[in-house]
Amino acid sequence: MALVQDLKVYKDMYSLLRLILQARKNFDKFYRYSFAERMMMTAIDCCELLQRANSNKDYAVRYLNEFSVKFSSLRLMLTICRDERQIDKREFSDILKLAESIGKQATGWKNSFA
């Protein structure tokens, strides 16, 4: 079993968390304390679910399903912030590319258990 820190999906999820933290600095006050806080915590939850899936193969599919739900919620919040012009187009483009990659990796990982 690989260390979770060595998994590309985990590294990408951590990078996404860092991008959210950086983008948060430019949010209006309302969004910084509502959406940004929730996005940060959801991204941290996603990292934890990847750790759990990696450490417990018997429950990996369950954790990856939970990850999928949380990750979908995170993508929704990111889209709302873009629509409300809290994230500029360049930042959102970087975030979207990373999110697409994470989604594909997590789905592939989950499908490998089937």
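Above: the structure in question.
Described in the following lines is the structure provided in the data block. (Residues numbered from 1 in each chain as written. Predicted model: local features only at pLDDT ≥ 70, side-chain atom pairs only at ≥ 80, totals over all residues. Heavy atoms only, no water.)

**Re the overall build of the protein chain**
At step 1: Helix and strand content of the protein chain: four helices and zero strands.
At step 2: Traced from its N-terminal end to its C-terminal end, the protein chain shows the element sequence α-α-α-α.
At step 3: Over its C-alpha atoms the protein chain spans a radius of gyration of 14 Å, differing by no more than 12% from the 13 Å that the globule rule assigns to 114 residues.
At step 4: Dimensions of the protein chain, computed from C-alpha atoms along their principal axes, come out at roughly 45 × 20 × 20 Å. (Helix = DSSP H or I, 4+ residues; strand = E, 2+ residues; numbered from the N terminus. Rg over C-alpha atoms; globule rule 2.2 N^0.38 Å.)

**Details of the packing of aromatic side chains**
At step 1: Applying the stated criterion to the full structure yields three aromatic pairs.
At step 2: Centroid distance F30 to Y31: 5.1 Å. Interplanar angle 80°. Geometry classified as edge-to-face.
At step 3: According to the relative accessible area criterion, Y31 is buried, its value standing at 14%.
At step 4: Both rings, one in F67 and one in F71, keep their centres 5.3 Å apart while their planes meet at 15°; by these two values the pair is stacked. (Phe/Tyr/Trp six-rings, centres within 6.5 Å; stacked < 30°, edge-to-face > 60°. Buried < 20%, exposed > 50% of the residue type's maximum accessible area, 1.4 Å probe, protein only.)

**Some words on the side chain of Q86**
At step 1: Positionally, Q86 belongs in the loop between α3 (60–83) and α4 (89–111).
At step 2: For Q86, a relative accessible area of 5% gives the class buried.
At step 3: Excluding its chain neighbours within four sequence positions, the residues that come into contact with Q86 are N26, F27, D28, Y31 and C81. (Contact = heavy atoms within 4.5 Å.)

**Structural notes on α3**
At step 1: Its 24 residues place the ends of α3 34 Å apart at the C-alpha level, agreeing with the 34 Å of an ideal helix rising 1.5 Å per residue.
At step 2: Listed as buried for α3 are A60, Y63, L64, F67, F71, L74, M77, L78 and C81.
At step 3: Where the residues of α3 are buried, they touch α1 (8–24), α2 (29–55) and α4.
At step 4: Count one or two residues on from α3 and you reach R85, which has phi positive near 60°. (Expected span 1.5 Å × (residues − 1).)

**With respect to the packing of α2 against α3**
At step 1: Axis separation between α2 and α3 bottoms out at 9 Å; the angle between their running directions is 160°. Considering their axes alone, α2 and α3 lie roughly antiparallel with respect to each other. For the crossing formed where α2 meets α3, the hand is left-handed. Side by side, α2 and α3 meet where F35, R38, M39, T42, A43, D45, C46, L49, L50, R52 and A53 of the first sit next to A60, Y63, L64, E66, F67, K70, F71, L74, M77, L78, I80 and C81 of the second.
At step 2: The residue makeup of the contact of α2 with α3, split by class, is 17 nonpolar, one polar and five charged. (Axes fitted to C-alpha atoms, helices over the stretch in contact; angles between N-to-C directions. Parallel < 35°, antiparallel > 145°, perpendicular 65-115°, else oblique. Left-handed = near helix turned anticlockwise from the far one by under 90°. Nonpolar A, V, L, I, M, F, W, Y, C, P; charged D, E, K, R; others polar.)

**Focus: the pattern of salt bridges**
At step 1: This structure, assessed with the given rule, holds six salt bridges.
At step 2: Here R75 and E100 are joined by a salt bridge, their closest N and O atoms 2.7 Å apart. With R75 in helix α3 and E100 in helix α4, this pair connects stretches of sequence that are 25 residues apart.
At step 3: As a salt-bridge pair, R90 and D94 come within 3.6 Å of each other at their nearest N and O atoms. Here the residue R90 and the residue D94 both occupy positions in helix α4, the gap between them amounting to four residues, near one helical turn. (Salt bridge = Lys/Arg side-chain N within 4 Å of Asp/Glu carboxyl O.)

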